[in-house]
Amino acid sequence: MASVTVSKSKLVVKRTRLFWQLYLSYLLITFIILTAVTWYTSESLRYFFLEEAASDLQVRARLFKDQVMGYLDPLDREAIDLLCKRAGRDTATCITVILPSGKVIGDSVKDPKKMDNHADRPEFIMALRRPPGRSIRFSQTLKKDMMYVGIPVETGGHISAVIRASTPIDTIDIVIKKIQIKIAIGILAIAILAAVFSLFISRRITRPIEQIKEWADSIAHGEFQFRPPVTNSEEIAGLSEAMHQMAIELRERIGTVIQQRNEIEAVLSSMVEGVIAVDMEERVISMNHAAARILGVSPTEVRGRSIQEVARDTVFQQFVRDTLSSQGVLERDIVLSSNNEESLNGHGTSLCDAEGRQIGALIVLNDVTRLKKLEEIRREFVSNVSHEIKTPITAIKGFVETLQDGAIREPENAERFLEIIGRHADRLEAIVEDLLSLSKIEARAERQEVLLVKARLKDIIETAIQICEVKASAREIDVKLSCKEDITTKLNPPLLEQAIVNLIDNAIKYSSERKTVWIEVSQKEDEFVISVRDQGCGIERRHLGRIFERFYRVDKARSRRLGGTGLGLAIVKHIAQLHGGHVTVESIPGKGSTFSIHLPRPASS
Ligand code: ADP
């Protein structure tokens, strides 16, 4: 297919309104026709009058010919001249009698003797050769346009004279002028009528076209109602029908496009992943809410702004640049230094138009900060567990080897070593048990499988105290409980019991002998608070925020010595969370600590 390239300047055509084109054309045609008609009519009239005058002169000349015949042979010049003068007077026509030599022998006005030879006059020459002779010319004698008609007079078989009749034709011109004026007035009237009529016709033709144009404009502005022009023209009716069809199709297509756009917008805004579209100049075309949140900007304000302004992170900017310059899909881990060290996983791909040309890039950002943190926690946890179990295992191995090396035969040492081995084995068991129960609690929490039943709080706490009784009495520690009988709430008895046991156990462990541990249950507006208060060593302020973490210990050696695993408080925290509550701690080093489990209070209790 040949392609035609038209420069923009060539397309600039001076445009005139169709109405004026039609109207001026009509006026021009009318003017040309009327001018032609006027010219033709006046020329025809002039011809007609001249023909009339010529035949009239011819008739007069013939009549005069009969009178003059008798005076030609023999030639009576005076009689002929007299006849001429009389005929001229009677008929108001100039009569001249000319001999074949051109000599004038009679004239109705002048004296023939004083007149020139007329041999060179065209009407005379024609009358002799091809009668009748006729000529129209300006008469120097009479100072006006004259018509001359000459006829030959034959006597005895030869031309003996030429009779010339003439009349001024200015009267004809005057008559023609008068007629022309009348015609002109008529034509002017017709022209005015034609102008009005043309105006009407032009408007009739252009009005529907203007209406169609207005309709097309309204379609372009998104108004699709049917507005056909009032016309009886088949072509314009056909055009308006075609436009109507076009408007219907356009409306359907725009509707589909809007619906698709809304769907895409809904999908984009509900996506957790951040989506950013940029053009080839690295300007933002669009950005969903998730991307705006990740980059800490407003999605509506960034449109059209460069990515450098929107995201100040150079790694991210480089990723956008690389995506724009590469053809395939790009994947990169990005840590946004500007935004709380957010870890992102970015996918970049080219953005193409309908013809497949690259018009920009699409960046999809996954916020993997939480995953990274979880991974870190998991790594830390594995290393903590390994570290915790390494010590007892090493000790057990060491003592077993010592026994194998001969210590088994030394009963005193053997017993002591076996005791140490037994203690480390207990420690391993405690760690494994705590880990198992922690993972069970977490798994149940994740699966939301915790069965909560209505139970009396006092019963649970009393059971917990009983479990700890042996340890307490071994250290002569008094455990006191203050709890109203009727406090009931929804809870999981074995789990809550375990949490309280852990707290009492810690209170006993970290208190010196013969101290008291108080357990109090208080009712607040929206919660029950179970507090375990001791008079123990207390915890320094800087540790308070972390003691609920797994394996976190204030004093590692002491904890181990006392048989602690570093998991007790983590278990308490998870159990409280399972009940929809939380844990708190208050402590004064050297004076004691208070650990509290806060349980939400049902509206009815
Ligand atoms: P552990 O098994 O070591 O007791 P926990 O998770 O129960 O582990 O407690 C974590 C740490 O918190 C303990 O190592 C200890 O340092 C501190 N701690 C817990 N309870 C008390 C308490 N009642 N008084 C003082 N310190 C405590």
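Cut-offs applied
Residues numbered from 1 in each chain as written. Predicted model: local features only at pLDDT ≥ 70, side-chain atom pairs only at ≥ 80, totals over all residues. Heavy atoms only, no water. Helix = DSSP H or I, 4+ residues; strand = E, 2+ residues; numbered from the N terminus. Buried < 20%, exposed > 50% of the residue type's maximum accessible area, 1.4 Å probe, protein only. Contact = heavy atoms within 4.5 Å. Areas by Shrake-Rupley, 256 points an atom, 1.4 Å probe, with all protein chains shown as cover. Lys, Arg positive; Asp, Glu negative; His and termini not counted. Charge placed at Lys NZ, Arg CZ, Asp CG, Glu CD. Phe/Tyr/Trp six-rings, centres within 6.5 Å; stacked < 30°, edge-to-face > 60°. Lys NZ or Arg CZ within 6 Å of the ring centre and 35° of its normal. Pairing = 2+ DSSP bridges. Axes fitted to C-alpha atoms, helices over the stretch in contact; angles between N-to-C directions. Expected span 1.5 Å × (residues − 1). Near = heavy atom within 4 Å. Nonpolar A, V, L, I, M, F, W, Y, C, P; charged D, E, K, R; others polar. Domains from an automatic or database assignment. Salt bridge = Lys/Arg side-chain N within 4 Å of Asp/Glu carboxyl O. Left-handed = near helix turned anticlockwise from the far one by under 90°. 1 Å grid on protein atoms, 1.4 Å probe; cavity = no way out; pocket = protein on both sides within 12 Å on 5 of 7 lines; lining within 4 Å. Points joined across faces, edges and corners; volume = space filled by probe spheres on them.

**Quick notes on the overall build of the protein**
- On a plain count of helices and strands, the protein comes out with 16 helices and 17 strands.
- On the principal axes, the C-alpha backbone points of the protein span a range of 205 × 60 × 40 Å.
- Considering the protein as a whole, with its 605 residues, one finds that 38% of them fall into the buried category.
- Residue pairs in contact within the protein that sit at least 24 positions apart in sequence constitute 58% of those at least 6 positions apart.
- When the accessible surface of the protein is totalled, it reaches about 36,500 Å², and 56% of it is carbon and sulfur.
- Where the 83 positive side-chain charges of the protein centre and where its 81 negative ones centre are 8 Å apart.

**Here's the deal with the side chain of Asn492**
- By the secondary structure assignment, Asn492 is in the loop between strand E13 (488–491) and helix H13 (493–509).
- Once residues lying within four places of it in the same chain are set aside, the contact partners of Asn492 are Arg444, Val450, Leu451, Leu452 and His579.

**Considering unusual backbone geometry**
- Pro132 follows Pro131 through a cis peptide bond whose omega is -5°.
- In this fold, Pro132 is placed in the loop between helix H4 (122–129) and strand E3 (133–139).
- Phi at Glu476 is positive, roughly 55°, even though this residue is not glycine.
- Mapped onto the elements of the fold, Glu476 is located in the loop between helix H12 (457–474) and strand E12 (478–482).
- Here Phe551, not a glycine, exhibits a phi torsion of approximately 65°, which is positive.
- With respect to the element layout, Phe551 can be found in the loop between helix H14 (541–544) and helix H15 (556–561).
- The class for Phe551 is buried, based on a relative accessible area of 6%.

**A look at the packing of aromatic side chains**
- Taken as a whole and assessed by the stated rule, the structure comprises 7 aromatic pairs.
- Considering the side-chain rings of Phe19 and Trp20, the 5.1 Å spacing of their centres and the 75° angle between planes classify their relative orientation as edge-to-face.
- Exposure remark for Phe19: the relative accessible area of 7% places this residue in the buried category.
- We classify Trp20 as partly exposed; its relative accessible area is 39%.
- Here the guanidinium or amino end of Arg137 rests over the ring plane of Tyr148, the centre of that ring lying 4.2 Å away.

**Details of the sheet that holds strand E6 (residues 274–279)**
- Taken in spatial order, the 5 strands make up an open sheet running E7-E6-E10-E9-E8, and their pairing is antiparallel. Each end of this open sheet is capped by a strand with a single partner; those strands are strand E7 (284–287) and strand E8 (330–336). Between one strand and the next, the sheet's axes are offset by a mean angle of 25°, whatever the strand orientation.
- Here 7 bridges tie E8 to strand E9 (residues 342–352), and the two strands are oriented antiparallel to one another.

**Here we look at helix H11 (residues 411–447)**
- The terminal C-alpha atoms of H11, which comprises 37 residues, lie 53 Å apart, in line with the 54 Å expected from a rise of 1.5 Å per residue.
- Positive backbone phi, approximately 55°, marks Gln448, located one or two places after H11.

**Observations regarding the site of the ligand**
- The environment of the ligand is formed by 21 residues, the closest being Asn506, Asp534, Ser559, Thr565 and Leu569.
- Counting residues per element, the ones that place at least two in the shell around the ligand are H13, helix H16 (568–578) and strand E17 (592–600).
- Here the element with the most residues in the shell around the ligand is H13; it accounts for 3 residues.
- Here the shell around the ligand is built from residues that sort into 10 nonpolar, 7 polar and 4 charged.

**So, the domain arrangement of the protein**
- Once the domains are mapped, the protein shows domain 1 (18–224), domain 2 (271–366), domain 3 (373–447) and domain 4 (453–600).
- Centre-to-centre separation of domain 2 and domain 3, based on C-alpha positions: 50 Å.

**Focus on the pairing of strand E4 (residues 144–155)**
- Judged by how many residues are buried, E4 sits mostly within the fold: 9 of 12 residues are covered.
- Where E3 folds back on E4, the antiparallel hairpin that results is connected by 4 residues, among which Lys143 adopts a positive phi of roughly 55°.
- With 10 bridges joining them, E4 and strand E5 (residues 158–168) adopt antiparallel strand pairing. When the sheet's bridge partners are listed, Pro152 is paired in E5 with Val162.
- Remark: 2 residues form the turn of the hairpin made by E4 and E5, two consecutive strands paired antiparallel; Gly156 in that turn has positive phi of roughly 60°.

**Points about the sheet that holds E12**
- In spatial order, the strands read E12-E14-E15-E17-E16; together these 5 strands make up an open sheet with mixed pairing. Each end of this open sheet is capped by a strand with a single partner; those strands are E12 and strand E16 (582–588). Adjacent strand axes in the sheet meet at a mean angle of 15°, parallel and antiparallel pairs treated alike.
- Of the strand pairs in this sheet, E16 and E17 are connected by 7 bridges, and their pairing is antiparallel. Among the inter-strand pairings, Ser587 is bridged to a residue of E17, identified as Ser593.
- Relative to the sheet, H12 contacts E12, strand E14 (516–523), strand E15 (527–533) and E17, its axis offset from that of E12 by approximately 175°.

**Some remarks on the pattern of salt bridges**
- The full count for this structure, using the stated rule, is 30 salt bridges.
- In this structure, Glu123 and Arg164 form a salt bridge, with 2.9 Å as the shortest nitrogen-oxygen distance. Residue Glu123 is found in helix H4, and its partner Arg164 is found in strand E5; the two are separated by 41 residues along the sequence.
- One continuous salt-bridge network, built from bridges that share partners, spans Arg456, Lys458, Asp459, Glu462 and Glu485.

**Topic: the packing of helix H2 (residues 18–68) against helix H3 (residues 77–91)**
- Close contact between H2 and H3 brings their axes to 11 Å; oriented N to C, the two are set at 145°. Remark: the crossing between H2 and H3 carries right-handed chirality. In this structure, H2 uses Arg60, Phe64, Gln67 and Val68 to contact H3, whose residues at the interface are Ile80, Leu83, Cys84, Ala87 and Thr91.

**Focus: the layout of surface pockets**
- As a volume, the second largest pocket reaches approximately 690 Å³.
- Mapped onto the lining of the second largest pocket, the elements with two or more residues apiece are helix H10 (369–404), H11 and H16.
- Here the element with the most residues in the lining of the second largest pocket is H10; it accounts for 9 residues.
- For the lining of the second largest pocket, a count of residues per class yields 7 nonpolar, 4 polar and 12 charged.
- Both domains that furnish three or more residues to the lining of the second largest pocket are identified here as domain 3 (373–447) and domain 4 (453–600).

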